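Examining the three-dimensional arrangement
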Amino acid sequence: MKARGLLGLVLVLGLAASARAQGLSLSLSAGVFAAGQETYREIYGPGLPVALEGWLNFRGAFGLSAGVTWLRDDGSAVAVSGGGEQYPLRFERLTFPLTIFFAPRLKGLVLRLGAGLAFHSYREKWQTVDLGFEGTCLGPRVCAAVEVPIAGRLSLFGSLVYESIPTGVEYTRGERINLGGLQALGGVAFRVR
């Protein structure tokens, strides 16, 4: 229910802002996710996120972006009691970011520096036993993105995004689980107008 409400808000803001927009581009990218927390890195290693975002430039140097990012990782947990037993895991995360960005005027490329919030829905499933963990949260994000035109309306696209995803859950070692980290993405962007 929270995801639908946030998605509805993003849609309304996007429609309202598009009337004042000077340009719109869509980007599709994939890359690598490096978790900030060591526990996540030990279990899953680097992840492969895929992102689709819309970038709405206003008449000045500011704009608004919204989209969706999907991440799925496979990993394994080892029994704390010893014995070497391993349990295969699958982790999935769906993120809906909303970012306000600054885009200085540069010749030949588009640079965007932004900050905002993201709604995250996540789920970890133990594949061989009936255990799982899921939840939703809202967290801050900062990003830098660049578009380099290659032909007509088509551009190469790249971005660096840092997100904090505080779950509020405490791990057995006494630390709170944060599923966030840094992701580097590359792909293409298409200028709609």
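Here is a short report on the structure shown in this document. (Residues numbered from 1 in each chain as written. Predicted model: local features only at pLDDT ≥ 70, side-chain atom pairs only at ≥ 80, totals over all residues. Heavy atoms only, no water.)

With respect to the overall build of the protein chain
Here is the rule we go by: By the criteria applied, helices consist of DSSP H or I runs no shorter than four residues and strands consist of E runs no shorter than two, each listed in order from the N terminus. Think of it in three bands: with a 1.4 Å probe and only protein chains considered, a residue is buried below 20% of the maximum accessible area for its type, exposed above 50%, and partly exposed in between. For this analysis, residues touch if any pair of their heavy atoms sits within 4.5 Å.
The number of helices and strands found in the protein chain is two helices and 10 strands. Listing the helices and strands of the protein chain from first to last along the sequence gives α-β-α-β-β-β-β-β-β-β-β-β. In the protein chain, buried positions account for 38% of the 193 residues. Within the protein chain, contacts between residues at least 6 apart in sequence are counted, and of these 60% link residues at least 24 apart.

Description of the layout of surface pockets
Heads up, the rule is: The method works on a 1 Å grid over the protein atoms by themselves. A cavity is a set of points holding a 1.4 Å probe that cannot get out, a pocket is an open set with protein on both sides within 12 Å along at least five of seven lines, and residues with an atom within 4 Å of a point line them. Grid points are joined across faces, edges and corners, and a volume is the space filled by probe spheres set on the points. Residues are grouped as follows: Ala, Val, Leu, Ile, Met, Phe, Trp, Tyr, Cys and Pro are nonpolar; Asp, Glu, Lys and Arg are charged; every other residue, Gly included, is polar.
Estimated volume of the second largest pocket: approximately 470 Å³. In terms of lining, the second largest pocket is formed by 26 residues, of which the most central are Asn57, Arg105, Val110, Arg112 and Arg191. No other element matches strand 1 (residues 21–35), which puts four residues into the lining of the second largest pocket. Considering only residue class, the lining of the second largest pocket consists of 11 nonpolar, eight polar and seven charged.

A few points about the pattern of salt bridges
In a structure, side chains of opposite charge can pair up when their charged atoms sit close to one another. Rules: In what follows, salt bridge is the name for a side-chain nitrogen of Lys or Arg lying within 4 Å of a carboxyl oxygen of Asp or Glu.
Within the structure shown, the criterion is met by five salt bridges. The partner of glutamate 92 in a salt bridge is arginine 123, with the nearest N and O atoms 3.6 Å apart. In this pair, glutamate 92 sits in strand 4 (residues 86–102) while arginine 123 sits in strand 5 (residues 110–126), placing the two residues 31 residues apart along the sequence. Assessed through its relative accessible area of 24%, glutamate 92 is described here as partly exposed. For arginine 123, a relative accessible area of 43% corresponds to the partly exposed category. In this structure, arginine 93 engages glutamate 163 in a salt bridge whose closest nitrogen and oxygen atoms are separated by 3.6 Å. With arginine 93 in strand 4 and glutamate 163 in strand 7 (residues 154–163), this residue pair connects regions lying 70 residues apart in the sequence. The class for arginine 93 is buried, based on a relative accessible area of 2%. For glutamate 163, a relative accessible area of 4% corresponds to the buried category. Linked by salt bridges that have partners in common, Arg93, Arg141 and Glu163 make up one network.

With respect to the nonpolar core
This is how the line gets drawn: Definition used in this section: a nonpolar core is a set of buried Ala, Val, Leu, Ile, Met, Phe, Trp, Tyr and Cys residues joined via side-chain atoms within 4.5 Å.
Formed by 15 residues in total, the largest nonpolar core has its most connected members in Tyr40, Phe91 and Leu179. Listed by contribution, the elements that provide at least two residues to this core are strand 1, helix 2 (38–44), strand 3 (62–78), strand 4 and strand 5. In terms of residues, this core owes the most to one element, strand 4, which gives three residues. Not counting residues within four places of it along the chain, the set of residues in contact with tyrosine 40 comprises Phe33, Ala35, Gly45, Leu71, Asp73, Phe91 and Leu179. Judged by nonpolar contacts, the second largest core, of six residues, contains Phe101, Ala103, Ala145 and Phe157.

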